Amino acid sequence: MVFHLSSNWDFFTGSDPSGGNVIYQNKSAAQFKRLAYVNDSDYSTVLAIDSTSTVAAGGDRDAVRITSQNSYNGGLFIMDASKMPVGCSTWPSFWTVGPDWPYGGEIDIVEGINDQAKNQMTLHSGTNHTCTIDTDNSDEFTGSVLSSNCYSTETSDSGCSIMDSNSTSFAYGFNKAGGGVFALLWDNSTGMAMWHFARADIPDDLTAQVPTPSTWGTPSGFWSAKTCDITDNFYDQQMVIDTTICGNWAGSDAYSKSGCSGKCTDMVANATNYVDAKWVVNYVAVYQ
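Residues numbered from 1 in each chain as written. Predicted model: local features only at pLDDT ≥ 70, side-chain atom pairs only at ≥ 80, totals over all residues. Heavy atoms only, no water.

S.K.: Teacher, can you tell me more about the packing of aromatic side chains here?
M.R.: How two aromatic rings sit relative to each other is set out by the distance from centre to centre and by the angle between their planes. All told, the structure shown has seven aromatic pairs when counted by the stated rule. An angle of 20° between the planes, with centres 6.2 Å apart, marks the rings of Phe77 and Trp186 as stacked. One end of the pair, Phe77, is in strand β8 (residues 75–83); the other, Trp186, is in strand β14 (residues 180–187), with 109 residues separating them in the sequence. When its relative accessible area of 1% is taken as the criterion, Phe77 is described as buried. (Phe/Tyr/Trp six-rings, centres within 6.5 Å; stacked < 30°, edge-to-face > 60°. Helix = DSSP H or I, 4+ residues; strand = E, 2+ residues; numbered from the N terminus. Buried < 20%, exposed > 50% of the residue type's maximum accessible area, 1.4 Å probe, protein only.)

S.K.: Looking at this structure, how should I read the layout of surface pockets?
M.R.: Here the idea is plain: a probe the size of a water molecule rolls over the atoms and shows the empty space left. If you add up the space inside the largest pocket, you get close to 710 Å³. Listing elements by their share of the lining of the largest pocket, those giving two or more residues are β9 (90–97), β10 (106–111), β11 (120–124), β17 (238–245) and α5 (247–250). Counting residues per element, the lining of the largest pocket draws most heavily on β9, at four residues. Split by residue class, the lining of the largest pocket holds six nonpolar, eleven polar and eight charged. (1 Å grid on protein atoms, 1.4 Å probe; cavity = no way out; pocket = protein on both sides within 12 Å on 5 of 7 lines; lining within 4 Å. Points joined across faces, edges and corners; volume = space filled by probe spheres on them. Nonpolar A, V, L, I, M, F, W, Y, C, P; charged D, E, K, R; others polar.)

S.K.: What am I meant to see in the side chain of Ser44 here?
M.R.: Tracing the backbone through its elements, the reader meets Ser44 in the loop between β4 (36–38) and β5 (45–48). Among the polar contacts made by the side chain of Ser44, one reaches the side chain of Asp42 at a distance of 2.8 Å. With sequence-adjacent residues up to four places away left out, Ser44 is seen in contact with Tyr37, Val38, Asn39, Val280, Val281 and Asn282. (Polar contact = N/O pair within 3.5 Å; in protein donor to acceptor, adjacent residues only side chain to side chain. Contact = heavy atoms within 4.5 Å.)

S.K.: So what exactly am I meant to see when it comes to the nonpolar core here?
M.R.: Considering soluble globular proteins, one finds that nonpolar side chains tend to be buried as a cluster. By size, the foremost hydrophobic cluster in this structure holds 61 residues, and its most contacted members are Trp223 and Trp279. The biggest single contributor to this core is strand β18 (residues 278–287), with seven residues. Membership of the second largest hydrophobic core comes to 15 residues, among which are Val22, Tyr24, Ala63 and Tyr274. (Core = buried A, V, L, I, M, F, W, Y, C linked by side-chain atoms within 4.5 Å.)

S.K.: Would you mind going over the state of the cysteines with me for this structure?
M.R.: Two cysteines, two sulfur atoms, one covalent bond between them: this is a disulfide. Taken as a whole and judged by the stated rule, the model has four disulfides. Note that Cys131 is cross-linked by a disulfide to Cys228, the S-S spacing being 2.1 Å. Across the S-S bond linking Cys131 and Cys228, the dihedral sits near -80°, which makes this disulfide left-handed. Pair noted here: Cys131 is in the loop between β11 and β12 (144–147) and Cys228 is in the loop between β16 (221–224) and α4 (230–233), with a separation of 97 residues, a long-range link. Assessed through its relative accessible area of 1%, Cys131 is described here as buried. Assessed through its relative accessible area of 1%, Cys228 is described here as buried. Cys150 shares a disulfide with Cys160; S-S distance 1.9 Å. (Disulfide = S-S within 2.5 Å.)

In structure tokens:
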């Protein structure tokens, strides 16, 4: 099922759970401010951070976070995007989340901060059921393990992460390559597999929207059901697309470590920094 971002999603308007310097807009406000709109030429959907308003250092910029109306317990999830948000202080993500976090789980398909060069894929699980990355079988994925324990709590929420090996998987490298496709295959019996394909490398079956993951080769990331109880840790997941600013990751010590100058909260005042802080999504699809 292909989801139209104008009708199959709800606009989140609460305070940012990650502590970012944003004010998430409802649908009518986002459309009026041109922070969420459909391109007339190619029907892609743009989701942007405000890049025109005067905002004080440490203030909040208008932004967009959307959540799918449907929830899922497995399937193949596809996002095709031609651009993603870039720039110091930005924290874009495409992810899924279940109820009663972290016990319903979280699956981060696309995520990174500031000037990060490669996509970071992560699972977050509760502490009631086993969930780790099977590091004994690292030939099952091409990325690099950053952390192997998926357990997450309110005070320790890093989860288990794999960094993509390709610089076309995130931010400037992704945009320079014309964007591409991200895919999550969630199979409760085998595990979670994630792929990224740069625009020039998208398989023909994906272009034709008849995907055949068995022909795609080794995934960028894989979380085996042998070492993670997929069914009990991940359920009733809703898709989320958002971008926040600073917050408890992009605005932490990681800001300066990313090569960004000054303070993250000061960057908020620089409207021009957010001209390219936008998603341009061609489609999102779920196959079950």
